[in-house]
Amino acid sequence: MKKDDIRYRTYTEILREELVPAFGCTEPIALAYAAAKARAALGALPDRVLLQVSGSIIKNVKSVIVPNTGRLKGMPAAAAAGIIAGDPEKELEVISQVSDQKIAEISAFLKSVRIDVEHIDCGHVFDIVITEYKEDSYAKVRIADYHTNIVLVEKDGRTLFQKELSGDTAEKVPRTDRSLLNMEDIWEFICSVDTQDIADILDRQIEYNSAIADEGLRGDYGANIGTVLLSSCENNIAVRAKAKAAADSDARMNGCELPVIINSGSGNQGITCSVPLIEYARELHTDKDTLYRALALSNLVAIHEKTGLGTLSAYCGAVSAGAGAGAGIAYLCGGDYQDVIHTVVNALAITSGIVCDGAKASCAAKIAFSVEAGILGCNMYKNGQEFKSGDGIVMKDIESTIRGIGQLGKDGMKETNDKIIRLMVGEDSV
């Protein structure tokens, strides 16, 4: 693939768009970002706040610790952090720099200011509308479809900024054309790419995601899945790859104040796509150029899968990222294109039943199982075994299988997602 090929330019730009830093779980951080933007538009500390959010935002903010808040959880905490200490220019690192004094002010604000939360359904799975009031004045900010996509800024009836949105549930994301993604072209890209064109992106992913994985193993975060794996299983590369990724997620879900490089809007997916490969590369003494190509493969495969699934759904994003990780590991172990595509199909066939019930400590365990599925899928094909067309959701080829997974997660599991949300917020009894 030549550098002037539209696919080369597009794939490079997709990696640059998607592999960006985020500080904390991305949904509460998106809420903090919206809150900081509204505070800037209001020009004053609000005396009342209204949070109107889609169900998937409720699901992914409810149970996760917001970093730099003194271990506070939930939507009011995320909004208060953005209002009191947020720098909207930093987008998904909006609350990365918060002093002890500001942490105390966040707590005081939550005790003294009314923050109402309202569940809305305006046709967008990812939807945040925050309105901040100061006496008779107000400012409103809306983010829709993805984490930094501000579509409305309004103050006292005047529209300061607006971006048109479609009225249906499809995500109309005006970014680089994801329809150009397919497995054959991804393979051609990673085999021919000048790795200096993507080295800065991937070096940052290696640095950031390795650092928080190490912290996750050192500290006491969530259920400490990484530590449990290392202490209860044989110490081999497959276990270490799972343990490092799980420790990374446990730290991130439970208030660790280190950033991660995300994939498809998700830190957990960015972790899953990268940390197992970094661990395998160390074990295999892989050169940097080969690691870059494996990481590009893993990340692009996950993005390809997520394009059909959408940003948020009832389908656990760790599954698609784990399949991407399996593809990258197959490449690191000397696999060719057939090894890679069969690894992806095998991994998806194994773990596609995992549902997303929000961001929280158990995400680390789901990541461990998804990485295990990627490794097993790779080992299956190396040993002459594979899941074939007609085996459940396995279709006639890799692209049909990925499209089917997208339909399953985005359309087929919509009612499942709604039910999960109702159970989580107590609207349905059990």
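See the structure shown above.
What this report covers is the structure whose coordinates are included nearby. The structure displayed is predicted, hence computed values, not measured ones.

1. Observations regarding the pairing of strand S2 (residues 48-53)
Then step 1. A large share of S2 lies buried, amounting to 5 of its 6 residues.
Then step 2. Pairing between S2 and strand S5 (residues 114-119): 6 bridges, direction parallel. Residue pairing in the sheet places Val 49 in a bridge with Ile 115 of S5.
Then step 3. Bridging between S2 and strand S6 (residues 127-134) involves 6 bridges; their strand directions are antiparallel. Looking at the pairing, Leu 50 lines up with Thr 131 of S6.

2. Some points on the sheet that holds strand S9 (residues 158-162)
Then step 1. The sheet built from 6 strands is open, its strands ordered S5-S2-S6-S7-S8-S9 with mixed pairing. Each edge of the sheet is formed by a strand with only one pairing partner; in this case those strands are S5 and S9. Geometrically, the sheet is characterised by an average inter-axis angle of 10° between neighbouring strands, direction not taken into account.
Then step 2. The pairing of S6 with strand S7 (residues 137-144) spans 8 bridges and is classified as antiparallel. What sits directly across from Ile 130, in S7, is Val 141.
Then step 3. Packed onto the sheet, helix H4 (residues 75-85) meets S2, S5 and S6 and runs at close to 125° relative to S2.

3. Let's talk about the side chain of Gln 269
Then step 1. Turning to its location among the elements, Gln 269 is positioned in helix H10 (residues 267-284).
Then step 2. What Gln 269 contacts, discounting residues up to four positions off in sequence, is Asn 263, Ser 264, Lys 306, Gly 317, Ala 318, Ser 320 and Ala 321.

4. Structural notes on a negative patch on the surface
Then step 1. Judged by side-chain charge, Asp 47, Glu 135, Asp 136 and Asp 156 come together as a negatively charged surface patch.
Then step 2. Here Asp 156 is to be found in the loop between strand S8 (150-155) and S9.
Then step 3. Residue classification places Asp 156 among the partly exposed positions, given a relative accessible area of 37%.

5. Considering H4
Then step 1. With 10 of its 11 residues buried, H4 lies for the most part within the structure.
Then step 2. Of the residues making up H4, those classed as buried are Met 75, Ala 77, Ala 78, Ala 79, Ala 80, Ala 81, Gly 82, Ile 83, Ile 84 and Ala 85.

6. A closer look at the state of the cysteines
Then step 1. Applying the stated criterion to the full structure yields 0 disulfides.
Then step 2. Summary of cysteine pairing: Cys 256 is not part of a disulfide, and the nearest cysteine sulfur, belonging to Cys 25, is at 13 Å.

7. Structural notes on helix H6 (residues 183-192)
Then step 1. Residues Met 183, Asp 185, Ile 186, Trp 187, Phe 189 and Ile 190 constitute the buried set of H6.
Then step 2. For H6, the elements touching its buried residues are helix H1 (6-18), helix H11 (288-309), helix H12 (317-332), helix H13 (337-351) and helix H15 (398-412).

8. Focus: the pattern of salt bridges
Two side chains of opposite charge can pair, provided their charged atoms sit close to one another.
Then step 1. Tallied over the entire structure, the rule returns 23 salt bridges.
Then step 2. Linking Arg 142 and Asp 127 is a salt bridge whose minimum nitrogen-to-oxygen distance equals 2.8 Å. Here Asp 127 lies in strand S6 and Arg 142 lies in strand S7, a separation of 15 residues in the sequence. The burial state of Arg 142 is the same as that of Asp 127; both residues are buried.
Then step 3. The closest approach of N and O atoms between Lys 288 and Asp 203, which form a salt bridge, is 3.2 Å. Of the two residues, Lys 288 is situated in helix H11 and Asp 203 in helix H7 (residues 199-218); the sequence distance between them amounts to 85 residues.
Then step 4. Taken together, the shared-partner salt bridges in this structure form one network comprising Asp 214, Arg 240, Lys 244, Glu 279, Arg 282 and Glu 283.

Cut-offs and rules
Note on numbering: residues in each chain are counted from 1, in written sequence order. For this predicted model, a pLDDT threshold of at least 70 governs which residues receive local features, and a threshold of 80 or more governs which side-chain atom pairs are given and counted, while totals over whole chains, interfaces and linings are taken from all residues. To get the side-chain values, take all heavy atoms of the structure and skip hydrogens and water. A 1.4 Å probe rolled over the protein chains alone gives each residue an accessible area, and that area as a share of the maximum for its type sets the label: buried under 20%, exposed over 50%, partly exposed in between. Runs of H or I in DSSP of at least four residues are treated as helices and runs of E of at least two as strands, each being numbered from the N terminus. In this analysis, strands are considered paired if DSSP registers two or more bridges between them. Interaxial angles span 0 to 180 degrees and are taken between N-to-C directions of axes, which are lines fitted to C-alpha atoms, for helices over the stretch in contact. Whether two residues are in contact is decided by their heavy atoms: any pair within 4.5 Å suffices. Only residues above 30% relative accessible area that lack a salt bridge enter a patch, with like-charged residues linked at up to 9 Å and the nonpolar side chains Val, Leu, Ile, Met, Phe, Trp and Tyr linked at up to 5 Å. To be clear on the numbers: accessible area is Shrake-Rupley with a 1.4 Å probe, and residue cover counts the displayed protein chains and nothing else. By salt bridge we mean one thing: a side-chain nitrogen of Lys or Arg within 4 Å of a carboxyl oxygen of Asp or Glu. In summary, the charge assignment counts Lys and Arg as positive and Asp and Glu as negative, without counting His or the chain termini. Every charge is mapped to an atom, namely NZ of Lys, CZ of Arg, CG of Asp or CD of Glu. A pair of cysteine sulfur atoms is labelled a disulfide when the two atoms are within 2.5 Å.

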